[in-house]
Protein chains: 2
Amino acid sequence: MAGAQLSLYAMSDDFVAIIESAIAAIEPFAGRIRRETDDLSTLVVAEPHVLFAVSRAMFTSAAQSGSHCVLSALYSRGCPGESDAGRETVSDQALLSGTVEERIQAARTAVAAVAKTGVEARCQFALYPLGNGSHMDEINGCIAFLRESSVFDRTKNYCTKLRGDAGPLFETLHQAFVFSGDVQAHVTLDVTVSANSPSTR
Amino acid sequence: MAGAQLSLYAMSDDFVAIIESAIAAIEPFAGRIRRETDDLSTLVVAEPHVLFAVSRAMFTSAAQSGSHCVLSALYSRGCPGESDAGRETVSDQALLSGTVEERIQAARTAVAAVAKTGVEARCQFALYPLGNGSHMDEINGCIAFLRESSVFDRTKNYCTKLRGDAGPLFETLHQAFVFSGDVQAHVTLDVTVSANSPSTR
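Throughout what follows, the structure given in this document is the object of discussion. (Residues numbered from 1 in each chain as written. Chains lettered and ligands numbered in written order. Predicted model: local features only at pLDDT ≥ 70, side-chain atom pairs only at ≥ 80, totals over all residues. Heavy atoms only, no water.)

1. Things to note about the pattern of salt bridges
Scanning all chains against the criterion turns up 14 salt bridges over all chains. The residue B:Lys156 makes a salt bridge to A:Asp38 at a minimum N-O spacing of 2.7 Å. Of the two residues, B:Lys156 is situated in strand β6 (residues 152-156) and A:Asp38 in the loop between β2 (34-37) and β3 (42-46); the pairing between them involves two chains. As far as the burial class goes, B:Lys156 and A:Asp38 line up, both buried. (Salt bridge = Lys/Arg side-chain N within 4 Å of Asp/Glu carboxyl O. Helix = DSSP H or I, 4+ residues; strand = E, 2+ residues; numbered from the N terminus. Buried < 20%, exposed > 50% of the residue type's maximum accessible area, 1.4 Å probe, protein only.)

The following block contains the structure:
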């Protein structure tokens, strides 16, 4: 299992209704996730691919309102500070395996296979492989995958920018999250995804 | 120098005007910061204490509109991937020094000395000291400071929650950011600060 703190923002007087619709849009996942909501975010604990499917469903629901909306999310796996009794660790099957080159190829294949949603999105994210000495090697391997990705936009200070359909975009985030095949690795991903911004029209 | 990607969200049909006012509120800092805005965030490069003063000014301006608003920010120092020619590293003077215990005391003193703003805020954040083997020790030292802080609320999965006046709250974030006195340390801070949420009224 892995988890995320998901916050959805809608730049509209109707933000409560937009957020309630987005939460209804994740009901089909109810049996496969654990969730908890407070005033700042919704915690979702699930397998990595479910986590990103839930994120995409929340985001595309809000985007389809037509309002400028943003999903801000903090994904985490392998956090040694989490002592949630009975919580499983991420299974080997959920993670990429092999050399950095093999993992890049597997991630590209997964992104190419995913269906489009019709929702255009802009994204920036930072990936943090924590608690090992080779964290820049892992980041660089992941950036090599991203640079050739169909949704790569550019690097900017402290993060990487993506743009494109929300389908391949969220799959790209999922692949970045599982890129490090080490089951013990503590990896976090800090993500901002935006739709309908007046700055991009 | 350190830097941040700052994104401000206002849950209002008037979000453009609220954000423009918040950007005007940081004009007094213009000579001490470098900034760049795109459709997702504003990059601010500055000394750490200026970075958090700018963040507080943007947030309190937006909060004073009365609308539900959120500042989402990614702070970074010492990132080895940043090759910004001529950019200085964080100075020793900007960081805390001494043992973990001495740094906890210095951070508490700084938070106690700061003026209140009259703006009530809720916050959650994650601190990542990257690229060294002792990252959980540093996180735990920082959590010890936070647990006794006047704005500490609770820990939750993957992050720590704060609540209180935006003055001591942003100073607490600043102290967490400079907590590691190592000038070479790569430290990032992922922050969400919220005001006027209907969930907390």
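After that view, the rundown keeps rolling.
2. A look at the interface of chain B and chain A
Of the residues lining the interface, 54 residues belong to chain B; the matching set on chain A comes to 54 residues. Roughly 4,300 Å² is buried in total at the junction of chain B and chain A, and carbon and sulfur atoms are behind 60% of that figure. When the buried area of chain B at its contact with chain A is split by residue, B:Asp39, B:Leu40 and B:Tyr158 rank highest and sum to 19% of it. The interface formed by chain B and chain A contains 10 salt bridges. Note that A:Asp38 and B:Lys161 form a salt bridge whose closest N and O atoms lie 2.8 Å from each other. For the pair chain B and chain A, the interface holds 19 residue pairs in polar contact (both at pLDDT 80 or more). Looking at which element gives the most residues to the side of chain B that touches chain A, the answer is strand β5 (residues 120-130) of chain B, with seven residues. Here the side of chain B that touches chain A is composed, by residue class, of 22 nonpolar, 20 polar and 12 charged. (Contact = heavy atoms within 4.5 Å. Buried area = accessible area lost by both parts, 1.4 Å probe. Polar contact = N/O pair within 3.5 Å; in protein donor to acceptor, adjacent residues only side chain to side chain. Nonpolar A, V, L, I, M, F, W, Y, C, P; charged D, E, K, R; others polar.)

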